[in-house]
Amino acid sequence: MNNYVFISLICLIICGCSENRNYKKATRYLDNNDLDKAIEYLDKVIAVNPNHYDANMDLGGIALESGRYEDAVMYFSKVITILPDEPHAYYNRAETNMRQENYSDALNDYNLTLRILVGNPDDRIIIIPQSYELFGKRIDPTQGIDPFTVFADRAVAYYYLDSLVLAYKDLNLCINNYKELKHCYYWRGCISLEIGDTKSGCEDLRKSASLGYNQAKTDYKKHCECNN
């Protein structure tokens, strides 16, 4: 082994150790909600390895929760270039776009998330206790991203894009197969009220409110109590 190769290997080892050490420090600061220090050490990780998946994802999450949406989109997009088939980055970027009211971009990312999770979605769902089979894939709702949550969020994007039929279809899919998603009842109720079906709308708002969705309680009082 010549000196150049030996020195290169030593540098790689040192950089790798520094990268791991800085990321461990960053995660400790994240656990303690010290975001400034977490960002400091995550930036050090990125300086050594710009393609560090977890560091980019963490920086995106911090940016999202801090309201720095353009930065969040940048980090999540970077993660997608690193691992194009990783659904969390698409889902997080969709959530970021929703907060910016970029509903078309959000819809695209929800579709990409679902394509990774379940392939080409349709209505063929079989529920299994504790887990379920969705389009030929076994899903554990307690791990990773629950596809029904993505369907529910996609419905909201459809709603704001005035695609009420598609929104209603996604909400029915969620409600028929995963009955505790309280915001699904809320948004289906909103659609029913919007198209003039007050009875169905109020029933869904009442159900959502009973599951603890506060906005449903407010809207039920506004739209439904006066009709009782």
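Higher on the page you've got the structure.
Residues numbered from 1 in each chain as written. Predicted model: local features only at pLDDT ≥ 70, side-chain atom pairs only at ≥ 80, totals over all residues. Heavy atoms only, no water.

## Looking at the nonpolar core
Most often, soluble globular proteins keep nonpolar side chains buried together rather than apart. The biggest cluster of nonpolar side chains holds 39 residues, and the ones touching the most others in it are Met-98, Tyr-110, Val-150, Tyr-159, Cys-184 and Trp-187. Of all the secondary-structure elements, those providing two or more residues to this core are helix H5 (87-99), helix H6 (103-118), helix H7 (147-160), helix H8 (164-177), helix H9 (182-194), helix H10 (198-210) and helix H11 (214-223). With nine residues, the top contributor of residues to this core is H7. Contacts of Val-150, omitting those with residues within four sequence positions, involve Tyr-91, Tyr-110, Thr-113, Leu-114, Leu-117 and Ile-145. (Core = buried A, V, L, I, M, F, W, Y, C linked by side-chain atoms within 4.5 Å. Buried < 20%, exposed > 50% of the residue type's maximum accessible area, 1.4 Å probe, protein only. Helix = DSSP H or I, 4+ residues; strand = E, 2+ residues; numbered from the N terminus. Contact = heavy atoms within 4.5 Å.)

## Looking at the environment of Asp-197
Within the secondary structure layout, Asp-197 lies in the loop between H9 and H10. A polar atom in the side chain of Asp-197 sits 2.8 Å from the side chain of Ser-200. (Polar contact = N/O pair within 3.5 Å; in protein donor to acceptor, adjacent residues only side chain to side chain.)

## Quick look at H8
Here H8 is 14 residues long and its end C-alpha atoms lie 20 Å apart, about the 20 Å a rise of 1.5 Å per residue gives. Taken residue by residue, H8 has Leu-164, Ala-167, Asp-170, Leu-171, Leu-173, Cys-174, Ile-175 and Asn-177 as its buried positions. (Expected span 1.5 Å × (residues − 1).)

## Let's talk about the state of the cysteines
Applying the stated rule across the entire model yields one disulfide. Cys-174 carries a free sulfur, and the closest cysteine sulfur to it, the one in Cys-184, is 3.9 Å from it. In this model Cys-190 remains outside any disulfide bridge; the closest cysteine sulfur is found in Cys-224, 9.8 Å from its own. By relative accessible area, which is 12% here, Cys-190 ends up buried. (Disulfide = S-S within 2.5 Å.)

## Focus: the pattern of salt bridges
Per the counting criterion, the structure on display carries seven salt bridges. A salt bridge links Glu-40 to Lys-37, with the nearest nitrogen and oxygen atoms 3.1 Å apart. Remark: Lys-37 and Glu-40 occur in helix H2 (residues 35-48); sequence separation between them is three residues, near one turn of the helix. With a relative accessible area of 31%, Glu-40 lands in the partly exposed category. Here Glu-40 makes a salt bridge to Lys-44, at a shortest N to O gap of 3.7 Å. With a gap of four residues between them, Glu-40 and Lys-44 both fall in helix H2, about one helical turn apart. Looking at Lys-44, the relative accessible area reads 34%, which means it is partly exposed. Through salt bridges with shared partners, one network takes in Lys-37, Glu-40 and Lys-44. (Salt bridge = Lys/Arg side-chain N within 4 Å of Asp/Glu carboxyl O.)

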